[in-house]
Amino acid sequence: GAVVSQHPSRVICKSGTSVKIECRSLDFQATTMFWYRQFPKQSLMLMATSNEGSKATYEQGVEKDKFLINHASLTLSTLTVTSAHPEDSSFYICSARPPLNTGELFFGEGSRLTVL
Amino acid sequence: GENVEQHPSTLSVQEGDSAVIKCTYSDSASNYFPWYKQELGKRPQLIIDIRSNVGEKKDQRIAVTLNKTAKHFSLHITETQPEDSAVYFCAASSGGGNKLTFGTGTQLKVEL
């Protein structure tokens, strides 16, 4: 199957700092990538849809100025959590689907963010 | 938007028994229904999916059924094994499957 990779897998930061998470599609080009957030023992909640070459589409209730998404190439999307606070601590997972594939979404390994 | 409900939230079965997880969805335009398995701290992995033009699909010990009229779909795992223990998520999407809405998850525990 297709491969999606995320980095870093774990990050610990201090309150007020910004953290960048990268999502790469390794063996296909992805014009669209999806960013999810998952709190402990909860479901995956879609935060935003990342569109290559254009602005991301954010879900209701997600602050676009806090969660900056950049999709500058067909294989890379980044999520930057700005001015992080402890309540932003979560598991962030990206996903993508190969072109012409209307089925399976492939997920990255996830990035566990802990804000102290 | 789409709303997906999933039951039960936890399910404990004896090894060899069957497990059934049920989901309902709200958007009649949804046409793609995948099931994902997620082990602790890891990424979700697709185990089976079904489209709205099919009522049932089976892959070895795993099967999924879909009732479009009632807007519900179910996952069936037969002859459960300890390695089936994980959290299972159902999901639904429409419009080419671009946007997946996940259910709340079911923690399945298969006991020896």
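Described below are features of the structure shown in this document. (Residues numbered from 1 in each chain as written. Chains lettered and ligands numbered in written order. Predicted model: local features only at pLDDT ≥ 70, side-chain atom pairs only at ≥ 80, totals over all residues. Heavy atoms only, no water.)

### Some remarks on the interface of chain B and chain A
Of the residues lining the interface, 18 residues belong to chain B; the matching set on chain A comes to 19 residues. The contact between chain B and chain A buries some 1,600 Å² in all, and 50% of this surface belongs to carbon and sulfur atoms. At the boundary of chain B with chain A, the tally comes to 2 salt bridges. For Lys99 of chain B, the salt bridge identified is with Glu59 of chain A, shortest N-O distance 3.0 Å. Taken together, the connections running from chain B to chain A amount to 8 residue pairs in polar contact (both at pLDDT 80 or more). Looking at the side of chain B that touches chain A, the elements that each hand over two or more residues are β4 (32–38) and β5 (45–51) of chain B. Considering every element that reaches the side of chain B that touches chain A, the biggest residue donor is β4 of chain B, with 3 residues. Looking at the side of chain B that touches chain A residue by residue, the class counts come to 7 nonpolar, 7 polar and 4 charged. (Contact = heavy atoms within 4.5 Å. Buried area = accessible area lost by both parts, 1.4 Å probe. Salt bridge = Lys/Arg side-chain N within 4 Å of Asp/Glu carboxyl O. Polar contact = N/O pair within 3.5 Å; in protein donor to acceptor, adjacent residues only side chain to side chain. Helix = DSSP H or I, 4+ residues; strand = E, 2+ residues; numbered from the N terminus. Nonpolar A, V, L, I, M, F, W, Y, C, P; charged D, E, K, R; others polar.)

### Focus on the environment of Thr17 of chain A
Residue and element names in this part refer to chain A. If you trace the backbone, Thr17 turns up in the loop between β2 (10–13) and β3 (19–25). For the pair Thr17 and Ser83, spaced 66 residues apart in sequence, the C-alpha to C-alpha distance is 4.9 Å. Contact partners of Thr17, with chain neighbours within four places excluded, come to Val81, Thr82, Ser83 and Ala84.

### Remarks on the state of the cysteines
All names here are of chain A. Under the definition given, this model contains 2 disulfides over all chains. Here Cys23 engages in a disulfide with Cys94; their sulfurs sit 2.0 Å apart. Disulfide Cys23 to Cys94: torsion about the S-S bond roughly 80 degrees, handedness right-handed. Here Cys23 is found in strand β3, whereas its partner Cys94 is found in strand β9 (residues 90–96), with 71 residues between them in sequence. For the pair shown, Cys23 and Cys94 are each scored as buried. Here Cys13 is not cross-linked by a disulfide; its sulfur's nearest cysteine counterpart is in Cys94, at 18 Å. (Disulfide = S-S within 2.5 Å. Buried < 20%, exposed > 50% of the residue type's maximum accessible area, 1.4 Å probe, protein only.)

### So, the pattern of salt bridges
Should the charged atoms of two oppositely charged side chains come close, the side chains can pair. Enumeration over the complete set of coordinates arrives at 7 salt bridges over all chains. For Glu109 of chain A, the salt bridge is made with Arg43 of chain B, and the minimal N-O distance between the two is 3.9 Å. Here Glu109 of chain A, found in the loop between β10 (106–107) and β11 (111–115), pairs with Arg43 of chain B, found in the loop between β4 and β5, and the two come from separate chains. In this structure, Lys37 of chain B and Glu39 of chain B form a salt bridge, with 3.9 Å as the shortest nitrogen-oxygen distance.

### Overview of the sheet that holds strand β7 (residues 62–67) of chain B
All names here are of chain B. Sheet architecture is open: 5 strands sit in the order β1-β3-β8-β7-β6, paired in antiparallel fashion. Both edges of this open sheet fall to β1 (4–7) and β6 (56–59), since each of them pairs with a single strand only. Going from strand to strand, the sheet's axes swing by 15 degrees on average, the running direction of each strand aside. Strand direction decides the pairing type here: β1 and strand β3 (residues 19–25), joined by 4 bridges, are antiparallel. In the sheet register, Glu5 faces β3, and the bridge partner there is Thr24. (Pairing = 2+ DSSP bridges. Axes fitted to C-alpha atoms, helices over the stretch in contact; angles between N-to-C directions.)

### Quick word on the sheet that holds β3 of chain A
All names here are of chain A. Read from one edge to the other, the open sheet built from 4 strands follows the order β1-β3-β8-β7, with strand pairing classed as antiparallel. Either end of the sheet is taken by a strand with one partner, and the two such strands are β1 (4–7) and β7 (67–73). Each adjacent strand pair in this sheet contributes to an overall mean axis angle of 20 degrees, direction not counted. Sheet analysis places β1 next to β3, joined by 4 bridges and oriented antiparallel. In the sheet register, Val4 faces β3, and the bridge partner there is Ser25.

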